[in-house]
Amino acid sequence: MLSDTSRPVIESTLAVVGDNIQEIARRFYEHMFAENPELLDGLFNRGNQADGRQQQALAGSVAAFANILVTSPDQLPDHLLSRISHKHVSLGLRSDQYQIVHDNLMWAIVDVLGDAVTPEVAAAWDEVYWLMANLLINKERGLYDAVRLAPETVWRTWRVAQRIQETEDVVTFVVERTDEREVKPSLPGQYVTIQMLMPDEVHQPRQYSLTRADDGEHRQFSVKRVHGLDNPDGEVSNLLHNSVQVGDDVVLSAPFGDVVLEFTDRPIVLASAGIGVTPMAGMLSHLVKTGSQRKVALLHADNSVDTFALRNQIQEDLAAMPDASLTTWFMEPSKPTQMVDGELAGFMDVSGIDLPADAEFYLCGPLPFMQSVRSALIARGVPAKDIQYEVFGPDLWLADFA
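In this text, all values refer to a predicted model and were calculated from it rather than measured experimentally. (Residues numbered from 1 in each chain as written. Predicted model: local features only at pLDDT ≥ 70, side-chain atom pairs only at ≥ 80, totals over all residues. Heavy atoms only, no water.)

Asker: Just to check I follow, could you spell out the overall build of the chain for this structure?
Answerer: Helix and strand counts for the chain stand at 10 helices and 12 strands. Whereas a compact globule of 402 residues would reach a radius of gyration of roughly 21 Å, the chain reaches 22 Å, a difference of no more than 12%. Taken along the three principal axes of its C-alpha coordinates, the chain extends 70 × 50 × 40 Å. Here the chain holds 402 residues, and 53% of them are scored as buried. Put simply, 74% of the contacts in the chain that link residues at least 6 apart link residues at least 24 apart. For the chain, the centre of its 31 positive side-chain charges and the centre of its 57 negative side-chain charges are spaced 5 Å apart. (Helix = DSSP H or I, 4+ residues; strand = E, 2+ residues; numbered from the N terminus. Rg over C-alpha atoms; globule rule 2.2 N^0.38 Å. Buried < 20%, exposed > 50% of the residue type's maximum accessible area, 1.4 Å probe, protein only. Contact = heavy atoms within 4.5 Å. Lys, Arg positive; Asp, Glu negative; His and termini not counted. Charge placed at Lys NZ, Arg CZ, Asp CG, Glu CD.)

Following this line, the structure appears as structure tokens:
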């Protein structure tokens, strides 16, 4: 809890810090990388740095945490902290690196706000930072301990055993173990971080959802090539598509991620769009492997049947379950002679879909898609606590505070 000394200071400065948090975050990262260039090698995604998403994610999380401290001190933002912690451990973040972040963040606050940062203001925001940092450090220590790994041992080498061209822009990689170390089993919906050596000798990390349940010897993940957009092409996704072949070695983290299936008997509704189907495929595979009898409904939106990645695997898994259904929305529907039950045209609209009572909902896809679906579900009376969502990249949504 925030101290009585700092509370009024944070209350009086929250607005001005919030108004300037984007510039503070920009200056913070710029200064930190200038002082600590080694952090760019394997820890930070420079693609997210280039388009500003990492800065926006920091701005949202710091502002949300500070606001919670002064408005609802008895309600910690557990979902936000859990999501950040899982990302951090998948990157092998060390607890001592929080001091580097602290020093550069406080420098940036002073650099942007100038004389407004009195010793009292600096001390209060220092307290906010360490409250959040220590919560994250403790969560991350627990995550490392749970899998009996440390930041330096979270990585291992796997060998590509299969390469499957799912669609024109999506490739599935099946990798096999290369040593006798214990394979940490994944939970349904989790991801791994891959660390790729780029042509300029800098390692770049990216997270990819596991798309099939583990068998103890192999892991499977699917990669969508990012290209042809307003932003620069995805350097890691294109390197994987263009260069990684069967027999090549890749470095992956142990599996992490807080959006996982709850172990209950309640019905499940999975709603995805585009490559957001990947964690859903992993969840379905786990359900089949464990012989689940739960009622399952997969709702998926895509451009066309040809861009629906992992479609064959998903249809096989749904067919193997006792009570499972698939409803799709395609912007380019099949020809009438190819129409199948459950295929609709246009954007996903869950307002008229028959949804099972007392279901758990899992969403993944572009942020506007998830916001739309989440809003429609809440309008239908679905409790917000029953809706979980997976964000690819920095979390710019922070739906827990919407």
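Still more ground to cover, so stick around.
Asker: Would you explain the packing of helix α5 (residues 97–113) against helix α6 (residues 119–146) in this entry?
Answerer: Helices that pack against each other are described as a pair by the angle of their axes relative to one another and the distance between those axes. With their axes 11 Å apart at the nearest point, α5 and α6 run at an angle of 155° to one another. The pairing of α5 with α6 is recorded here as roughly antiparallel in orientation. For the crossing formed where α5 meets α6, the hand is right-handed. Residues Tyr-98, Gln-99, Val-101, His-102, Leu-105 and Met-106 of α5 form the contact with α6, whose participating residues are Ala-122, Trp-125, Asp-126, Tyr-129, Trp-130, Ala-133, Leu-136, Ile-137 and Glu-140. Tallied by class, residues from the contact of α5 with α6 come to 11 nonpolar, 2 polar and 2 charged. (Axes fitted to C-alpha atoms, helices over the stretch in contact; angles between N-to-C directions. Parallel < 35°, antiparallel > 145°, perpendicular 65-115°, else oblique. Left-handed = near helix turned anticlockwise from the far one by under 90°. Nonpolar A, V, L, I, M, F, W, Y, C, P; charged D, E, K, R; others polar.)

Asker: Would you mind going over the nonpolar core with me for this structure?
Answerer: One broad rule of soluble globular proteins: the nonpolar side chains tend to lie buried together. Counting residues in each nonpolar core, the largest one holds 43 residues, and the members touching the most others are Trp-125 and Val-128. For this core, the secondary structure elements donating two or more residues are α1 (6–35), α3 (53–71), α4 (78–90), α5 and α6. It is α1 that contributes the most residues to this core, 11 residues altogether. Setting aside chain neighbours within four positions, we find Val-128 in contact with Leu-2, Ile-10, Phe-65, Ala-66 and Leu-69. By size, the runner-up hydrophobic cluster in this structure holds 22 residues, among which are Leu-299, Ala-301, Ile-353 and Phe-361. (Core = buried A, V, L, I, M, F, W, Y, C linked by side-chain atoms within 4.5 Å.)

Asker: I keep staring at α4 and nothing clicks. Help me out?
Answerer: Each α-helix winds once per 3.6 residues, and so residues spaced three or four apart point in a common direction. Along its 13 residues, α4 runs 18 Å from first to last C-alpha, staying within 8% of the 18 Å computed at 1.5 Å per residue. Most of α4 sits out of view: 11 of its 13 residues are buried. Of the positions making up α4, those classed as buried are Leu-80, Leu-81, Ser-82, Arg-83, Ile-84, Ser-85, His-86, Lys-87, His-88, Val-89 and Ser-90. The positive-phi residue at the C-terminal boundary of α4 is Gly-92, with phi of around 75°. (Expected span 1.5 Å × (residues − 1).)

Asker: I'm lost on the side chain of Thr-172 in this one. Help?
Answerer: By the element assignment, Thr-172 lies in strand β2 (residues 170–177). Of the residues examined, Thr-172 reaches a relative accessible area of 0% and is grouped as buried. One polar contact links Thr-172 to Ser-222, side chain to side chain, over a distance of 2.6 Å. Those residues within four positions of Thr-172 in sequence are excluded, and the remaining contacts are Gln-162, Arg-163, Ile-164, Glu-166, Gln-220, Phe-221, Ser-222 and Leu-310. (Polar contact = N/O pair within 3.5 Å; in protein donor to acceptor, adjacent residues only side chain to side chain.)

Asker: Where do I start with the sheet that holds strand β11 (residues 360–364) in this structure?
Answerer: Spatial ordering of the open sheet is given by β10-β9-β8-β7-β11-β12, a layout of 6 strands whose pairing is parallel. Of all the strands in the sheet, just β10 (343–345) and β12 (387–390) have a single pairing partner and so form its edges. For this sheet, the mean inter-axis angle between neighbouring strands, taken without regard to orientation, is 15°. Across 7 bridges, strand β8 (residues 296–302) lies against strand β9 (residues 324–330) in parallel orientation. Paired with Ala-297 across the two strands is Ser-325, which belongs to β9. Those strands touched by helix α8 (residues 277–289) are β7 (268–273), β8 and β11, and its axis lies near 150° from that of β7. (Pairing = 2+ DSSP bridges.)

Asker: Which parts of the structure should I look at to understand the sheet that holds strand β3 (residues 191–197)?
Answerer: Note on sheets: strands pair through backbone hydrogen bonds, and any given pair is parallel or antiparallel. As summarised here, the arrangement of the 6 strands in space is β4-β3-β6-β1-β2-β5, forming an open sheet in which the pairing is antiparallel. Across the chains shown, the open sheet's two edge strands, defined by having one partner strand only, are β4 (203–209) and β5 (218–224). Recorded for the sheet is a direction-independent mean angle of 40° between the axes of neighbouring strands. Here strand β1 (residues 155–165) pairs with β2 via 7 bridges, running antiparallel. By the bridge assignment, Gln-162 is partnered in β2 with Val-174.

Asker: Honestly, the packing of α4 against α6 in this entry has me stumped. Any pointers?
Answerer: Packing of α4 against α6 leaves a shortest axis separation of 9 Å and a crossing angle of 55°. Considering the angle they form, α4 stands oblique to α6. Seen along the crossing, α4 lies across α6 with a hand that is right-handed. Every residue of α6 that contacts α4 at Asp-78, Leu-81, Ser-82, Ile-84, Ser-85, His-86, His-88 and Val-89 is listed here: Met-132, Leu-135, Leu-136, Lys-139, Glu-140, Leu-143 and Tyr-144.

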